[in-house]
Amino acid sequence: PESLCKLFKLRYLHLSYCLRLNELPSSFGDLKLQILHMNGLLDMDDCPDSIGDMTSLTQFVVDSGPSNLLEKVKAIKKRLNLVGMVHHNVHEIESRGCSSIVDLVGLTCSELILAGLEKVWDPEDADRVKLRDKSDIRVLKLGWIPKWMSYISSGKSVLERLVPPRTLENFWLVGYRGKDFPNWMFHISSYLPFLSELTLDGLEACDCLPPFGALPNLRSLYLRNCPNIRKIGKEFYGEGRPCMQLRVLDLASMENLVEWLTTESNEENKEFLIPNLHLLVVKDCPNLKFLPYPPRSMNWFLSNSETVLPEQGFGKLSSSIHPSRLALEELFIADCPNLTSLPESMKNLTALTKLALVECKGLEILPEWLGQLTCLEELSIRGCPNLTSLPESIRSLSALKVLIIVGCPILIERCQGEDAHKIGHIPKVVLR
């Protein structure tokens, strides 16, 4: 609210993971903040220019979010001289017989990107950096270029010596070619207790993960392009405690991942180990099944991953041990050509307010139980040419305010003709 901007003595404001927040008050710059955290605001494409006038600001944290927002934040940081990022491309220093990573010994920064780590020939060079002592680093990105590594070591001996500082909040590991991980990563919850965001990308050789689920403050987990990971079981959770803080789980291009355990055992009616997700994103994971149920989440985005839709149901929608008001509210299903009908387990999603079906070319019918989704406010159907009619029960969806149908010629013709009576109660209908 605008009234927030009258809190002139406010110095610290943490807005991270308010996933529905999409704008800030125009007078936001009137505040005299010293620290502002805005991580994971996935709906916020912009922020007020007036933040650039906030000369009191010493820390402006936006590590993840829409690209437009990140570009704006980058400009504001430059304007306020808050850049603090060092991007170092490792190269060999022939005259000294070592790699350039040794020149980072006296470095101070808040964000460090180390690229080309395959050029660290001698692991002792990585040891000399004393990365663990650099407590100013909040964000660390370690990268290997895979094409150079087919004849070089896996990188494990280098990663073993690049232990991040205990205060690290955001960690990226990209292109690492080791089959397994150094010891500190298997005890990561002790080494990095404040870590809130973790990204693993392009790990081509590893076939199991350290217990990342045991990280006590993990808010976002991104796993991409890890072709040898096939199962994620109870070892992921360490001692088996639930990931209470995890809000965003984003999986992409994990085509061989077939199983992810989400409860203490594979039995029904067990407590969820991932109970409080706000967003579940699964792209190009065509074989994945969460067992026995998917993690509980408010928003789902599925693309080319129809096996994630559970046939047996969504599990306990509430928990006695970890009470939560979370229920699935928004479901986006895209590019699932083998999906011919929606699983009957979806009829229990009575809190669902938005449903989008996009480019599901095999979808032939919408079920009559669609009328049981009494909270549904918006239904969007795009690029589903084999869908020929809407169920009669759509007339009972009194909360439905918006119906959008695009690229479904037969369905649109029916809606303009013999099925027009089914959608007459909907305030906004778009057919094109």
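Residues numbered from 1 in each chain as written. Predicted model: local features only at pLDDT ≥ 70, side-chain atom pairs only at ≥ 80, totals over all residues. Heavy atoms only, no water.

An unreviewed UniProt entry lists the protein under the name R13L1/DRL21-like LRR repeat region domain-containing protein, with Aegilops tauschii subsp. strangulata as the source organism.

J.: Is there a simple way to think about the nonpolar core in this case?
T.: Considering soluble globular proteins, one finds that nonpolar side chains tend to be buried as a cluster. Core analysis: the biggest nonpolar cluster contains 100 residues, and Leu 142, Phe 171, Leu 173, Trp 260 and Leu 390 have the highest contact counts within it. Filtering out sequence-adjacent residues up to four positions away, Phe 171 remains in contact with Leu 140, Leu 142, Trp 184, Met 185, Leu 195, Glu 197, Leu 198 and Thr 199. With 22 residues, the next largest nonpolar core counts Cys 5, Leu 31, Met 44 and Val 73 among its residues. (Core = buried A, V, L, I, M, F, W, Y, C linked by side-chain atoms within 4.5 Å. Buried < 20%, exposed > 50% of the residue type's maximum accessible area, 1.4 Å probe, protein only. Contact = heavy atoms within 4.5 Å.)

J.: What am I meant to see in the sheet that holds strand β16 (residues 289–291) here?
T.: One key point about sheets: their strands pair by backbone hydrogen bonds, in either a parallel or an antiparallel sense. One open sheet accounts for three strands, arranged β12-β14-β16; its pairing is parallel. In this open sheet, the two edge strands, each paired with only one partner strand, are β12 (231–232) and β16. When β12 meets strand β14 (residues 259–261), the two strands line up parallel, connected through two bridges. Considered in β14, the bridge of Lys 231 is made with Glu 259. (Pairing = 2+ DSSP bridges. Helix = DSSP H or I, 4+ residues; strand = E, 2+ residues; numbered from the N terminus.)

J.: For this particular structure, what's the right way to read the sheet that holds strand β1 (residues 12–14)?
T.: Within the open sheet, the three strands sit side by side as β1-β2-β3. Their pairing is parallel. With partners counted over all chains shown, the strands left at the sheet margins are β1 and β3 (59–61), one partner each. Strand-to-strand, the axes of this sheet are offset by a mean angle of 5°, without reference to chain direction. Pairing between β1 and strand β2 (residues 35–37): three bridges, direction parallel. If you follow Tyr 12 over to β2, its bridge partner there is Ile 35. (Axes fitted to C-alpha atoms, helices over the stretch in contact; angles between N-to-C directions.)

J.: So what exactly am I meant to see when it comes to the pattern of salt bridges here?
T.: Two side chains with opposite charge may pair up if their charged atoms get near one another. Counting across every chain of the model gives 22 salt bridges. Across the pair Arg 20 and Glu 329 runs a salt bridge whose closest N-O atoms are separated by 2.9 Å. You can see Arg 20 sitting in the loop between β1 and β2 and its partner Glu 329 sitting in the loop between β17 (297–303) and β18 (330–334), a full 309 residues away along the chain. The class of Glu 329 is partly exposed, set by a relative accessible area of 22%. Across the salt bridge formed by Lys 72 and Asp 46, the nearest N and O atoms sit 2.7 Å from each other. With Lys 72 in helix α1 (residues 67–79) and Asp 46 in the loop between β2 and β3, this residue pair connects regions lying 26 residues apart in the sequence. Exposure remark for Lys 72: the relative accessible area of 19% places this residue in the buried category. Residue Asp 46 is classed as partly exposed on the basis of its relative accessible area of 44%. Beyond isolated ion pairs, a larger network of salt bridges with shared partners links Arg 414, Glu 418, Asp 419 and Lys 422. (Salt bridge = Lys/Arg side-chain N within 4 Å of Asp/Glu carboxyl O.)

J.: What should I look at first to understand the packing of aromatic side chains in this one?
T.: Each aromatic ring pair is described using two quantities: the centre-to-centre distance and the angle formed by the ring planes. Throughout the structure, instances matching the rule amount to eleven aromatic pairs. Summarising the aromatic geometry, the rings of Tyr 176 and Phe 181 are spaced 5.6 Å apart at their centres and angled 25° between planes, so their arrangement reads as stacked. Of the two residues, Tyr 176 and Phe 181, neither departs from the other in class, the shared state being buried. With a centroid separation of 6.4 Å and 55° between ring planes, the pair formed by Trp 184 and Tyr 191 is classed as tilted. Taking relative accessible area as the criterion, Tyr 191 reaches 23% and is therefore assigned partly exposed. The structure contains a cluster of three or more aromatic residues connected by ring pairs, namely Trp 144, Tyr 176, Phe 181 and Phe 186. Lying over the aromatic face of Trp 172, Lys 141 brings its terminal NZ or CZ to 4.4 Å of the ring centre. (Phe/Tyr/Trp six-rings, centres within 6.5 Å; stacked < 30°, edge-to-face > 60°. Lys NZ or Arg CZ within 6 Å of the ring centre and 35° of its normal.)

J.: Got a minute to help me understand unusual backbone geometry in this structure?
T.: Leave glycine aside and you will find that most residues have negative phi; peptide bonds, for their part, are mostly trans. Here the bond from Leu 291 into Pro 292 is cis, since omega is -5°, no more than 30 degrees from zero. Look at Asn 304: it is not a glycine, yet its phi comes out positive at around 50°. Tracing the backbone shows Asn 304 in the loop between β17 and β18.

J.: What should I look at first to understand the pairing of strand β20 (residues 378–382) in this one?
T.: The sheet contact formed by strand β19 (residues 354–358) and β20 spans five bridges and is parallel. Within β20, the residue paired with Leu 357 across the bridge is Ile 381.

J.: What am I meant to see in helix α6 (residues 409–416) here?
T.: A turn of α-helix holds 3.6 residues, and therefore any two residues three or four places apart point the same way. Buried within α6 are the following residues: Leu 411, Ile 412 and Cys 415. Projection of α6 onto a plane perpendicular to its axis shows the buried side chains occupying an angular sector of 100°, all on one side. Within α6, the exposed residues directed more than 90 degrees away from the buried face are Pro 409 and Glu 413. Elements that come into contact with the buried residues of α6 comprise β20, β21 (402–406) and β22 (428–431). (Arc of directions from axis to C-beta.)

J.: It is not clear to me how the confidence of the model for the protein should be interpreted in this structure. Could you clarify?
T.: Low-pLDDT stretches of the model should not have their predicted coordinates read in fine detail. Counting all residues, the mean pLDDT for the protein is 91, and 94% of those residues have values of 70 or more. Here residues 318–325 is modelled with pLDDT under 50, and outside its nearest four sequence neighbours on either side it reaches eleven contacts, counting other chains as well. (pLDDT = per-residue confidence, 0-100.)

J.: Any chance you could explain the environment of Gly 362 here in plain terms?
T.: When you line up the elements, Gly 362 lands in the loop between β19 and β20. The spatial distance from the C-alpha of Gly 362 to the C-alpha of Glu 418 is 24 Å, given a sequence separation of 56 residues. Once residues within four sequence positions are removed from consideration, Gly 362 is found in contact with Pro 337, Leu 339, Thr 340 and Asn 386.

J.: I keep staring at the domain arrangement of the protein and nothing clicks. Help me out?
T.: By a widely used convention, the size of an interface equals the accessible area lost when the partners come together. When the domains of the protein are assigned, the result is domain 1 (2–78) and domain 2 (328–431). On a C-alpha basis, the centroid separation for the pair domain 1 and domain 2 is 37 Å. (Domains from an automatic or database assignment.)

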